[in-house]
Amino acid sequence: MAPTPDASQNPALAAQAEILARPATDSRRLADAIRALAIDGVEAAKSGHPGMPMGMADVATVLFTKFLKYDAADPRWADRDRFVLSAGHGSMLLYSLLHLTGHAGMGVEELKRFRQLHSPAAGHPEYGEHPGIETTTGPLGQGIATSVGMALAERMLAARFGASLVDHRTWVIASDGDLQEGVSHEAASLAGHYALSKLCVLWDDNHISIDGDTALSFTDDTLKRFQAYGWAVRRIDGHNPEEIASAMAWATRNRKPTLIACRTIIGFGAPTKAGTAGSHGAALGATEVAGAKELLGWTAPAFSVPEDIKAAWEAAGRRGAGTRRSWLKRLAKHPQEAEFDRAMSGKLPEAWHESLAALRAKHAEEKPKLATRVSSQRALEALVPSVPEMVGGSADLTGSNNTNVKGIPAITPGNFGGRFMHWGVREHGMAAAMNGMTLHGGIIPYSGTFLVFSDYMRPAIRLAALMGIRAIHVLTHDSIGLGEDGPTHQPVEHLASFRAMPNVFVFRPADAMETAECWELAVKRADGPSLLALSRQNLPALRSDAGENRCARGGYVLAEASGPRKATLIATGSEVHLAVAARETLEAEGIPTAVVSLPCWEIFAAQDAGYRNQVLGDAVRVGVEAAIGFGWERWLGADGIFVGMSGFGASAPAEELFKHFGITADAVTAAVKKRLA
């Protein structure tokens, strides 16, 4: 028997009763299949979030049966609509949809193993676990921000290849929590500015958070907020299929991005927990499950769906098959077929590296004294014309980051033929949207900001690392070497923090040659994000060899000792030339000393132990870096010496700061001599 509901204590129950009293339409029966599977999955796992899937089942049913362009037989079809479950905690909604629509790899056994080790039905959607999962979501706000990048990529590729190959939409289901997170403001503002008309966010406006009613902390007029961003907005009953369909049809006609506020009852169908935080983040329990299924009229056993309902869902999964076949025929006849396939697969053009090789040869001959941020721009001037899918940008620091390339136009509202994004002061939104561009396919995005502001980007960089996707971040002004702007702008802990993050490559090149080499490695890397930490100040050329990419092993001996080593100076970036100067002094005093440049710790750590030992040697090791020493013990050993920062910086000209903090060639020399005395 169902528990006796108390509508006086929970007004949502009265609204639920009124909806359940309506005749059960075919759409409602299809939606109830989602509800039943979500209930069963969470109940089997004894953990999860049943409330959102139960509440948004009607909206998702209309989307997947009438509007979403997809074919379950080919979930990676390039011109499919993208569906992002930004409210990733409600992952059983997505898994139920994939199962019901006939996607291979999400069968009943997978649903039964919801939230278990090695199941594609993880606690939150994980990119790569199933081809129907477009992006990893769960950290709220990330999904909606990522979707903006997907919508941007669609417009850019349509401008490049034409609407016959690229013409699809991006649909998002977002929660109250998504819209509270700061990154959603950045992302929504961007989408409105660029008039991303093929983006539609379906907001699960259920008024419930983990702590209780959202009114505890959230009284925004959300529709007016999005209107102010330049969005079209509408409010609907999220349990009325006709209203839902009308709103979605309206969204497809808009010339602006669209927000549809879907007023829903969280945990719809639960006899006592519907409309309460009790259905948000925990299994309903056997009594509530039985009551919910009784109220919904659902008599099928757990994890099973009546044949007529399953057949209707599978027909929906095949609905786009004809559209996909027609698209494949157009692709086969398209003059850019090979180029489209190459770009979407993430493969680089055959001769992409030739102009970069020419630049390296030029550096070897001219030995330019440049800030590595300027060397980076020269590398981009070689790369960007050679790799047409590279799209750059900056968070309102273009002239400081040097991420623009002469002759490459910017993207503007209504004109997506450019290849440079003015992201505005939106570092988090920028990095999250870049993830969306990469996930969409056909774009290799690179960004620009100061290294210190990577703090704002960290959650999106972490997701890129977790998903194993290519995104390149140019992070300039990488140390106290930026000078007078002072400690607020001087990163000291940032290198260590990103080196601690799995699957992130942190490149800190020492001169123009290393910068070109690191760019080559970053562009080639397709299985995770790359960060280039670059100097504001000019740095002398240290290399005159342009053959082998010496940074490709992460670290190498830049200058060997004149005899058996007494000391090895290990440095990165702008401090390598200090190590070289210290070596000259030590060698002159009869102390054979080697210098090791270590531009990428992560690549160096992946080399075999024999190579690492050969490079680092057995002599006294001294690390030199204008950052805190956290992590350096890995290379220096228990007896190593670190010359660097031990706290925050200060405001002064760069040269004075290096002297003040004791990061000089003389300080390195003195440290070695003291240890050897």
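Everything discussed here concerns the structure shown above.
Residues numbered from 1 in each chain as written. Predicted model: local features only at pLDDT ≥ 70, side-chain atom pairs only at ≥ 80, totals over all residues. Heavy atoms only, no water.

(A) Here's a closer look at the overall build of the protein. In terms of regular secondary structure, the protein is built from 27 helices and 20 strands. In terms of overall dimensions, the protein is globule-like: its C-alpha atoms have a radius of gyration of 28 Å, near the 26 Å expected for 677 residues. When burial is assessed residue by residue, the protein has 62% of its 677 residues classed as buried. Contacts spanning at least 24 positions in sequence make up 78% of the contacts within the protein whose residues lie at least 6 apart. Of the roughly 24600 Å² of accessible surface on the protein, 52% is carried by carbon and sulfur atoms. (Helix = DSSP H or I, 4+ residues; strand = E, 2+ residues; numbered from the N terminus. Rg over C-alpha atoms; globule rule 2.2 N^0.38 Å. Buried < 20%, exposed > 50% of the residue type's maximum accessible area, 1.4 Å probe, protein only. Contact = heavy atoms within 4.5 Å. Areas by Shrake-Rupley, 256 points an atom, 1.4 Å probe, with all protein chains shown as cover.)

(B) Representation of the nonpolar core. Ranked by size, the top nonpolar core spans 74 residues in total, and within it L152, M156, L196, W231, M421 and W423 carry the most contacts. With 11 residues, the top contributor of residues to this core is helix 6 (residues 142-161). For W231, the contacting residues outside a window of four places in its chain are A188, A191, G192, L199, V201, F226, K256, P257, T258 and L259. (Core = buried A, V, L, I, M, F, W, Y, C linked by side-chain atoms within 4.5 Å.)

(C) Up close: the pairing of strand 7 (residues 258-263). Counting buried positions along strand 7 gives 5 out of 6 residues, so the element sits mostly inside the fold. Sheet topology note: the strand 3 (residues 199-205)/strand 7 ladder contains 6 bridges and is parallel. Within the sheet, the bridge partner assigned to D205 lies in strand 7 and is R263. When strand 6 (residues 232-237) meets strand 7, the two strands line up parallel, connected through 6 bridges. Looking across to strand 7, one finds that R234 is bridged to I260. (Pairing = 2+ DSSP bridges.)

(D) Representation of the packing of aromatic side chains. With the rule as written, the count across this model stands at 18 aromatic pairs. Plain terms: the ring middles of F161 and F340 are 5.2 Å apart, the flat faces sit at 90° to each other, and that makes the pair edge-to-face. Remark: F340 occurs in helix 14 (residues 337-345) and F161 occurs in helix 6; sequence separation between them is 179 residues. What makes F161 buried here is its relative accessible area of 2%. An angle of 10° between the planes, with centres 5.8 Å apart, marks the rings of F450 and F453 as stacked. (Phe/Tyr/Trp six-rings, centres within 6.5 Å; stacked < 30°, edge-to-face > 60°.)

(E) Quick look at the sheet that holds strand 1 (residues 82-85). Pairing in this open sheet of 5 strands is parallel, and the strands run 1-2-3-7-6 from one edge to the other. Two strands lie at the open edges of the sheet, namely strand 1 and strand 6, each paired on one side alone. With direction set aside, neighbouring strand axes in the sheet form an average angle of 20°. Contacting strand 1, strand 2 (170-175) and strand 3, helix 6 runs over the sheet at an angle of about 170° to strand 2. The sheet strands contacting helix 10 (residues 241-253) are strand 2, strand 3, strand 6 and strand 7, and the helix crosses strand 6 at an angle near 170°. (Axes fitted to C-alpha atoms, helices over the stretch in contact; angles between N-to-C directions.)

(F) Examining the sheet that holds strand 20 (residues 641-645) more closely. Judged by pairing direction, the sheet is mixed, and its 5 strands sit side by side in the order 16-18-17-19-20 without closing on themselves. Strands with a single pairing partner mark the edges of an open sheet, and in this sheet they are strand 16 (556-559) and strand 20. Averaged over all neighbouring strand pairs, the angle between strand axes comes to 25°, with direction disregarded. In terms of strand pairing, strand 17 (residues 567-571) meets strand 18 (residues 593-597) through 5 bridges, oriented parallel. The partner of L569 across the bridge, within strand 18, is V595.

(G) Focus on helix 15 (residues 354-366). Its 13 residues place the ends of helix 15 18 Å apart at the C-alpha level, agreeing with the 18 Å of an ideal helix rising 1.5 Å per residue. Those residues of helix 15 not exposed but buried are L356, L359, R360, H363 and A364. An end-on view of helix 15 places all buried positions within 145° of arc, on one side of the element. Along helix 15, exposed side chains directed more than 90 degrees from the buried face belong to E354 and E365. In this structure, the buried side of helix 15 is in contact with helix 16 (372-383) and helix 21 (512-524). (Expected span 1.5 Å × (residues − 1). Arc of directions from axis to C-beta.)

(H) Seen up close, a negative patch on the surface. There is a patch of like negative charges on the surface, built from E484, D485, E655 and E656. Within the fold, E655 resides in helix 26 (residues 654-660). (Patch = residues over 30% accessible without salt bridge, like charges linked within 9 Å, V, L, I, M, F, W, Y side chains within 5 Å. Salt bridge = Lys/Arg side-chain N within 4 Å of Asp/Glu carboxyl O. Lys, Arg positive; Asp, Glu negative; His and termini not counted. Charge placed at Lys NZ, Arg CZ, Asp CG, Glu CD.)

(I) Spotlight on the side chain of T372. Relative to the helices and strands, T372 resides in helix 16. For T372, the side chain forms a polar contact with the main-chain nitrogen of S535, separated by 2.6 Å. Sequence-distant contacts of T372, defined by excluding residues within four places in its chain, comprise P509, A510, D511, T515, L534, S535, Q537 and L539. (Polar contact = N/O pair within 3.5 Å; in protein donor to acceptor, adjacent residues only side chain to side chain.)

(J) Quick look at helix 14. Listing the buried residues of helix 14 in full gives F340, R342 and A343. Buried residues of helix 14 fall within an arc of 165° about the axis and therefore sit on the same side. On its buried side, helix 14 packs onto helix 6 and helix 13 (321-333). Taken from the residues just after helix 14, G346 is the one with a positive phi, measuring 85°.

(K) Structural view of unusual backbone geometry. Within the chain, H207 stands out as a residue other than glycine whose phi angle is a positive 65°. Although it is not a glycine, K367 sits at a positive phi angle of roughly 50°. K367 sits in the partly exposed class, given a relative accessible area of 45%.

(L) Structural context of the pattern of salt bridges. Applying the stated rule across the entire model yields 38 salt bridges. Put simply, R22 and E18 hold a salt bridge, and the shortest N to O gap is 3.2 Å. You can call R22 partly exposed: its relative accessible area is 30%. With its nearest N and O atoms 3.5 Å apart, the salt bridge here joins R76 to E134. Here R76, found in the loop between helix 3 (51-67) and strand 1, pairs with E134, found in the loop between helix 5 (108-112) and helix 6; they are 58 residues apart in sequence, far enough to count as distant. Among the residues examined, R76 registers a relative accessible area of 32% and is labelled partly exposed. Connected through shared salt-bridge partners, R360, E517, E520, K524, R543 and D545 make up one network.

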